[in-house]
Amino acid sequence: MRILITFQNNQVPVYFNTDTKQPVQRTLKLLTSALENKFSNGKRALKKCLNSLISIEIEGSEAILHSKSEFDSLALSLY
């Protein structure tokens, strides 16, 4: 399943499997909260990834943040 979220005035696609046990809205709320928190309080490497974010893939309780450079892609725990 694919959903678009707005992060830092950009539309970012979020891909995830609908077989997860968590409701979609709760997962998206956790994701946006974690992204905003990390953007304001995160380290330089995380901010670099978030500035060039192109898509997000949710696998279980982790969000894989894909950026324009594959070296800047990171995994972020949602729980």
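See the structure shown above.
Residues numbered from 1 in each chain as written. Predicted model: local features only at pLDDT ≥ 70, side-chain atom pairs only at ≥ 80, totals over all residues. Heavy atoms only, no water.

Q: Could you give an account of helix H1 (residues 24-41), with specific residues and numbers?
A: Taking 1.5 Å of rise per residue, 18 residues should cover 26 Å, and H1 covers 25 Å from first to last C-alpha, within 8% of that figure. By the burial criterion, the buried members of H1 are Thr27, Leu28, Leu31, Ala34 and Leu35. Seen along its axis, H1 keeps its buried residues to an arc of 130°; they face one direction. In H1, those exposed residues whose orientation departs by more than 90 degrees from the buried face are Gln25, Lys29 and Asn41. The inward-facing, buried residues of H1 abut strand S1 (2-7), strand S2 (10-16), helix H2 (44-51), strand S3 (53-59), strand S4 (62-67) and strand S5 (74-77). (Helix = DSSP H or I, 4+ residues; strand = E, 2+ residues; numbered from the N terminus. Expected span 1.5 Å × (residues − 1). Buried < 20%, exposed > 50% of the residue type's maximum accessible area, 1.4 Å probe, protein only. Arc of directions from axis to C-beta. Contact = heavy atoms within 4.5 Å.)

Q: An account of H2 is requested, with residue identities and associated values reported.
A: Regarding H2, the residues found buried are Leu46, Cys49 and Leu50. Looking down the long axis of H2, one finds its buried residues gathered within 95° of arc, a one-sided arrangement. Those residues of H2 that are exposed and angled more than 90 degrees off the buried face are Arg44, Ala45 and Asn51. Each element contacted by the buried residues of H2 is listed here: S1, H1, S3, S4 and S5.

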